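Spelled out from the first residue to the last, the chains are:
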Amino acid sequence: MAVQECRERGTAATVACGTAARELGLRPREFELAVQLGHVRTVSVAPGGRPRVAREEIERLRSGAGFPESLRNRLWAVGTAEAAELMGVSPARFARLARAGCFAPVRFYVNRYRAVVWHYLAADLVEFADTNPELLTGRTDPALRMELEERDDQRARSWRARRLGQLTVLTADPWERAAAVAAVLAPDQLADAVPDPYERAYLSLLRPDLAGIRTDSAAARVVIERVTLAVDADEIGRHRERLARALATARAARSAPKPDGYVPAPRPAAGPAPVPEPEPDPDPEQGLGLGEGREVQAAAAPVEAAAPAGLRGWLRRLRRIA
């Protein structure tokens, strides 16, 4: 009864995010960006419930100097054409600087042609222009121009770094911080970095939505995955090291939920390579493509057997509890 009364008092002192956006004069995407950047702080009234905004937070923002223009200026995001105009450079020069990672995108979307469209904070561009005027006018130094052009496109990587920084600041829970880092690793990398299947299931349960883009298009989801997942070996290595440190902190705080009596299987020690068995006689059906299919099924069977029984059911119970 006391818990219910406490929740009711907490709900009365807060408002839904949609209501908060209207009272702050922000459009839905502006409000979402304000939360990501930490300009609007949200609270959780009930476990697993949607975030809400405290009345005190709304009053704090509304009483700020220059409201609402000052808040909107901090959330002003621009595309490539508007960004180039804002900085006083050609679109080609701006694209070269953006691909080189001179400033990080703040968000993106996938257009109908399955192309990634990047948006940048106007405040970041103005700051870069003020501190690097030599890169905006005249002929770029040939050596610097060659360096910028030879760099791989850094926009996705810099966006991932920025997004992880936002997510780790917005939560104090060590497992949620670890889940944010795990979200940029592909499934095979995550399985290698976190061998315990129940820890991986817990990280999956807490996994944040990095892009915040909802689409029914399978092709668009593939493009979004290319942006959200680390690809380069050095970036993957850095995120794995960061995940290892985050998991050590999380395990010290509490263990991931596991069934009673569960003991993780030890990882096999590195040893000499096994001697290959002699190849069997050719399958007479291989010429029809049947033998190959059977080999694939036979190879997949041990992987299924290695997974602990009831993992999916346990994950479903975790989601109901959360």
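One can find the structure itself at the top, above this paragraph.
These notes cover the structure that comes with them. Everything quoted here is computed from the prediction, not taken from an experiment.

It is worth spelling out helix H4 (residues 55-62) at this point. Along H4, the residues that are buried comprise Glu57, Ile58 and Leu61. Projected down its long axis, H4 shows its buried positions confined to an angular sector of 100°, all on one face. Along its buried surface, H4 packs onto strand S1 (14-16), helix H2 (17-23) and strand S2 (52-54).

Glancing now at the packing of helix H10 (residues 155-170) against helix H15 (residues 233-253). Packing of H10 against H15 leaves a shortest axis separation of 12 Å and a crossing angle of 10°. Put simply, H10 runs roughly parallel to H15. Residues Arg157, Arg160, Leu164 and Thr168 of H10 form the contact with H15, whose own contacting residues are Asp234, Glu235, Arg238, His239 and Arg242. Across the contact of H10 with H15, the residue classes tally to one nonpolar, two polar and six charged.

Let us now look at the packing of aromatic side chains. Applying the stated criterion to the full structure yields seven aromatic pairs. Here the aromatic rings of Phe108 and Trp118 are separated by 5.4 Å at their centres, their planes lie at 50°, and the arrangement is tilted. One end of the pair, Phe108, is in strand S4 (residues 107-110); the other, Trp118, is in strand S5 (residues 116-121), with ten residues separating them in the sequence. Relative accessible area serves as the criterion here: at 8%, Trp118 is assigned to the buried category. With a centroid separation of 5.1 Å and 90° between ring planes, the pair formed by Phe108 and Trp159 is classed as edge-to-face. A residue pair is termed long-range when its members are at least 10 positions apart, and Phe108 in strand S4 and Trp159 in helix H10 qualify at 51 residues. Here the aromatic residues Phe94, Phe103, Tyr120 and Phe128 are joined through ring pairs into a cluster of three or more.

What follows concerns the packing of H10 against helix H14 (residues 218-228). At a minimum axis separation of 8 Å, H10 and H14 run at an interaxial angle of 70°. On the basis of the axis angle, H10 is roughly perpendicular to H14. On H14, the residues that touch Ala156, Trp159 and Arg160 of H10 are Arg226, Val227 and Thr228. Of the residues contributing to the contact of H10 with H14, the split by class is three nonpolar, one polar and two charged.

Turning our eyes to something else, we now look at the pattern of salt bridges. Between side chains of opposite charge, pairing is possible as soon as their charged atoms come close. If you walk through the whole model with that rule in mind, you get 13 salt bridges. With its nearest N and O atoms 2.8 Å apart, the salt bridge here joins Arg55 to Glu23. Here Glu23 lies in helix H2 and Arg55 lies in helix H4, a separation of 32 residues in the sequence. Across the pair Arg157 and Asp234 runs a salt bridge, and its minimum N-O distance is 3.2 Å. Taken together, the residues span a long stretch of sequence, with Arg157 in helix H10 and Asp234 in helix H15 at a distance of 77 residues. Among the ionic contacts, a cluster of salt bridges with common partners joins Arg41, Glu57 and Arg60.

On to the sheet that holds S4. The sheet built from three strands is open, its strands ordered S3-S5-S4 with antiparallel pairing. The open sheet has two edge strands with one neighbour each: strand S3 (77-78) and S4. Packed onto the sheet, helix H8 (residues 122-131) meets S3 and S5 and runs at close to 70° relative to S5.

The next thing to look at is the nonpolar core. If you look at soluble globular proteins, the nonpolar side chains tend to sit buried side by side. With 33 residues, the main nonpolar core has Met87, Phe94, Phe103, Phe108 and Leu125 as its most contacted residues. At the level of elements, helix H6 (80-87), helix H7 (91-99), S4, S5, H8, H10 and H14 are the ones that each hand at least two residues to this core. If we ignore the near neighbours within four places in the chain, the residues touching Leu125 are Val78, Ala83, Leu86, Met87, Phe94, Phe103 and Tyr120.

Here the focus is the pairing of S5. Pairing of S3 with S5 involves two bridges; the strand directions are antiparallel. Residue Val78 lies in a different strand from S5, and its bridge partner there is Tyr120. Pairing geometry for S4 and S5, over four bridges, is antiparallel. When the sheet's bridge partners are listed, Arg107 is paired in S5 with His119. The antiparallel hairpin formed by S4 and S5 contains five residues in its connecting segment, where Arg114 sits at a positive phi of about 65°.

Okay, unusual backbone geometry next. A cis amide bond, omega 5°, links Phe67 with the succeeding residue Pro68. Tracing the backbone shows Pro68 in the loop between H4 and helix H5 (69-74). Although it is not a glycine, Arg114 sits at a positive phi angle of roughly 65°. Structurally, Arg114 can be placed in the loop between S4 and S5.

The rules we used
- Note on numbering: residues in each chain are counted from 1, in written sequence order.
- Only residues with pLDDT of 70 or above have their local features reported here, since the model is predicted, and side-chain atom pairs are shown and tallied only from 80 upward, although totals for entire chains, interfaces and linings are computed over all residues.
- Heavy atoms from the whole structure form the basis of all side-chain values; hydrogens and water molecules are not counted.
- Here the term buried applies to any residue with accessible area under 20% of the maximum for its type, exposed to any over 50%, and partly exposed to those in between, with areas from a 1.4 Å probe on protein chains only.
- Think of it this way: any DSSP run of H or I at least four residues long counts as a helix, any run of E at least two long counts as a strand, and we number them from the N terminus.
- In this description, one arc is meant: the one made by directions from the helix axis to the C-beta atoms.
- Contacts are residue-level and defined by heavy atoms, with any inter-residue pair within 4.5 Å sufficient.
- Working convention: axes come from line fits to C-alpha atoms, limited for helices to the stretch in contact. Angles between N-to-C directions cover 0 to 180 degrees.
- By the definition adopted for this analysis, an angle is roughly parallel if under 35 degrees, roughly antiparallel if over 145, roughly perpendicular if from 65 to 115, and oblique otherwise.
- Only Asp, Glu, Lys and Arg are considered charged, only Ala, Val, Leu, Ile, Met, Phe, Trp, Tyr, Cys and Pro nonpolar, and every remaining residue, Gly among them, polar.
- Any two of the Phe, Tyr and Trp rings considered here, Trp counted by its six-membered ring, make a pair once their centres fall within 6.5 Å; the pair's planes then place it as stacked at under 30 degrees, edge-to-face at over 60, or tilted in between.
- What counts as a salt bridge is simple: a side-chain nitrogen of Lys or Arg found within 4 Å of a carboxyl oxygen of Asp or Glu.
- When DSSP finds at least two bridges between two strands, those strands are taken to pair.
- In plain words, nonpolar cores are sets of buried Ala, Val, Leu, Ile, Met, Phe, Trp, Tyr and Cys residues tied together by side-chain atoms within 4.5 Å.

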